[in-house]
Amino acid sequence: MTASSALYDIPGPRALARHRLYAWISGLLLAALIGFIVYRLVDTGQFAAVKWRPFTYAGIQRLLLTGLANTLKAFGWAALASLVFGVVFAAGRLSDHRVVRWASTLVVEFFRAMPLLVMIFFIFIALKLDPMLALIIGLTLYNGSVLAEVFRAGVNAVPRGQREAAYALGMRKTQVMTHVLVPQAARAMLPAIISQLVVALKDTSLGYLITYQELLYSGKLIATNLDYDLPFIPVVMVIAPVYIGMCMLLSWCANLIARHERRSPRAEGVAVTEDLPEEI
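Residues numbered from 1 in each chain as written. Predicted model: local features only at pLDDT ≥ 70, side-chain atom pairs only at ≥ 80, totals over all residues. Heavy atoms only, no water.

Right, let's talk about the packing of helix H5 (residues 116-126) against helix H6 (residues 131-157) for a bit. Viewed as axis vectors pointing N to C, H5 and H6 meet at an angle of 140°, and their least axial separation amounts to 8 Å. Compared by their axis directions, H5 and H6 come out oblique. In the crossing of H5 with H6, the sense of the turn from one axis to the other is right-handed. In this structure, H5 uses Leu116, Met119, Ile120, Ile123 and Phe124 to contact H6, whose residues at the interface are Pro131, Ala134, Leu135, Ile137, Gly138, Leu139, Leu141 and Tyr142. (Axes fitted to C-alpha atoms, helices over the stretch in contact; angles between N-to-C directions. Helix = DSSP H or I, 4+ residues; strand = E, 2+ residues; numbered from the N terminus. Parallel < 35°, antiparallel > 145°, perpendicular 65-115°, else oblique. Left-handed = near helix turned anticlockwise from the far one by under 90°. Contact = heavy atoms within 4.5 Å.)

Packing of H6 against helix H8 (residues 173-203) leaves a shortest axis separation of 8 Å and a crossing angle of 145°. Where H6 crosses over H8, the two elements pack in a sense that is right-handed. Residues Leu135, Leu139, Tyr142, Asn143, Val146, Leu147, Val150, Phe151, Gly154 and Val155 of H6 pack against Met177, Leu181, Ala185, Met189, Ala192, Ile193, Gln196, Val199, Ala200 and Asp203 of H8. For the contact of H6 with H8, a count of residues per class yields 16 nonpolar, three polar and one charged. (Nonpolar A, V, L, I, M, F, W, Y, C, P; charged D, E, K, R; others polar.)

Another point: the side chain of Arg93. Inspection of the secondary structure puts Arg93 in helix H3 (residues 58-93). In this structure Arg93 comes out as buried when scored by relative accessible area, which is 15%. Within the structure, Arg93 has its side chain in polar contact with the side chain of Thr105 (distance 3.1 Å). Arg93 has contacts with Arg101, Ser104, Thr105, Val108, Glu109, Glu149 and Arg152, leaving out every residue within four places of it along the chain. (Buried < 20%, exposed > 50% of the residue type's maximum accessible area, 1.4 Å probe, protein only. Polar contact = N/O pair within 3.5 Å; in protein donor to acceptor, adjacent residues only side chain to side chain.)

A separate point is the packing of aromatic side chains. For the coordinates displayed, the defined rule picks out four aromatic pairs. Geometrically, the ring pair formed by Phe47 and Trp52 is stacked, given 6.4 Å between the ring centres and 5° between the ring planes. The class for Phe47 is partly exposed, based on a relative accessible area of 40%. Through successive ring pairs, a cluster of aromatic residues spans Phe47, Trp52 and Phe55. (Phe/Tyr/Trp six-rings, centres within 6.5 Å; stacked < 30°, edge-to-face > 60°.)

Turning our eyes to something else, we now look at a nonpolar patch on the surface. Residues Leu30, Leu33, Ile34, Phe36, Ile37, Val38, Tyr39, Val42 and Phe47 make up a contiguous nonpolar surface patch of about 870 Å² in total accessible area. Inspection of the secondary structure puts Val42 in helix H1 (residues 13-43). Under the relative-accessibility criterion, Val42 is labelled exposed at 52%. (Patch = residues over 30% accessible without salt bridge, like charges linked within 9 Å, V, L, I, M, F, W, Y side chains within 5 Å. Areas by Shrake-Rupley, 256 points an atom, 1.4 Å probe, with all protein chains shown as cover. Salt bridge = Lys/Arg side-chain N within 4 Å of Asp/Glu carboxyl O.)

Turning our attention to the side chain of Asn70. Relative to the helices and strands, Asn70 is located in helix H3. With relative accessibility at 14%, the residue Asn70 sits in the buried group. In this structure Asn70 touches Tyr212, Gln213 and Glu214, once residues within four positions along its chain are discounted.

Now for unusual backbone geometry. Backbone geometry places Lys128, a non-glycine residue, at a positive phi of 55°. Note on placement: Lys128 falls in the loop between H5 and H6. The exposure class of Lys128 is exposed, given its relative accessible area of 70%. Residues other than glycine seldom take positive phi values, yet Thr211 does so here, at roughly 65°. Counting through the fold element by element, Thr211 comes out in the loop between H8 and helix H9 (215-223).

Glancing now at the nonpolar core. Ranked by internal contacts, the top residues of the largest apolar core, which has 38 residues, are Phe75, Ile193, Ile194 and Leu197. Taken together, the elements giving at least two residues each to this core come down to H3, H6, H8, H9 and helix H10 (232-263). Looking at this core element by element, the count peaks at twelve residues for H8. With near-sequence residues (within four places) excluded, Leu197 lies in contact with Phe75, Ala79 and Leu250. Within the second largest apolar cluster, 16 residues are counted, among which are Ala78, Met132, Ile210 and Tyr212. (Core = buried A, V, L, I, M, F, W, Y, C linked by side-chain atoms within 4.5 Å.)

Attention now moves to H9. Taken together, the buried positions of H9 are occupied by Leu215, Tyr217, Ser218, Gly219, Ile222 and Ala223. Structurally, the start of H9 carries an N-cap: the backbone nitrogen of Leu216 is 2.9 Å from a side-chain oxygen of Glu214.

Across all of its chains, the model carries five salt bridges by this definition. Note that Glu109 is salt-bridged to Arg93, the shortest N-O span being 3.5 Å. Of the two residues, Glu109 sits in helix H4 (residues 98-113) while Arg93 sits in helix H3, which places them 16 residues apart along the sequence. The exposure class assigned to Glu109 is partly exposed, which follows from its relative accessible area of 31%.

The quantities given are spatial measurements derived from coordinates; they are silent on function.
Dropping the structure here:
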């Protein structure tokens, strides 16, 4: 039996044919665009051996690997701190105490509205902290504030009847949050959490503005060295796939976790509970 949806009609044979035609046209246009870009790169000599020779030097390879390691180090600490920051201030925004709720709201809204680059520069210049520490703190304050809103929205998105039923069973608020609301909200929040972590990973490249030797800063050192004939485009062609690969790996890990959660007994138990008819 064909699956149906309340959001759209299942496409028929003619609609499927149109979709295939649109896919072919889009594919041809994309191939033409890629071909044009490659042609221009070849025409401007970007694939000349002299521009790629620096990447065969051991010193350049060590410089790029050091930059990659520093990028991952800054991202790891920032991601962990952002998650903790988000959980703490999301709990504060969900608190029954007005003072705690207002203070948490003020902190989250302030750092969420503040431009990340301004925060990083302020922490680095005004507080005179180490470049790595300034970058991590800036990433934590911004991304943690966004994650706090993600966590709060995810918990509030759980049907109200779930918490009311838990309170009716005599559970305390902490038990309701940890055993009822958060497990159900976690699956819905996971895509948004991973998307924000991908943003944090890409934003580590702002570290080069405060002389933190991450991957982009290492590439800039290579591209601005006159001894290497300014291989700017080759440096971009080397660094960009590394960033894309790291983001894709992060998304793959998120999908793996999501599939594991769907197959776990807890997820099945929640699904069964939600499918039970209401008693009259």
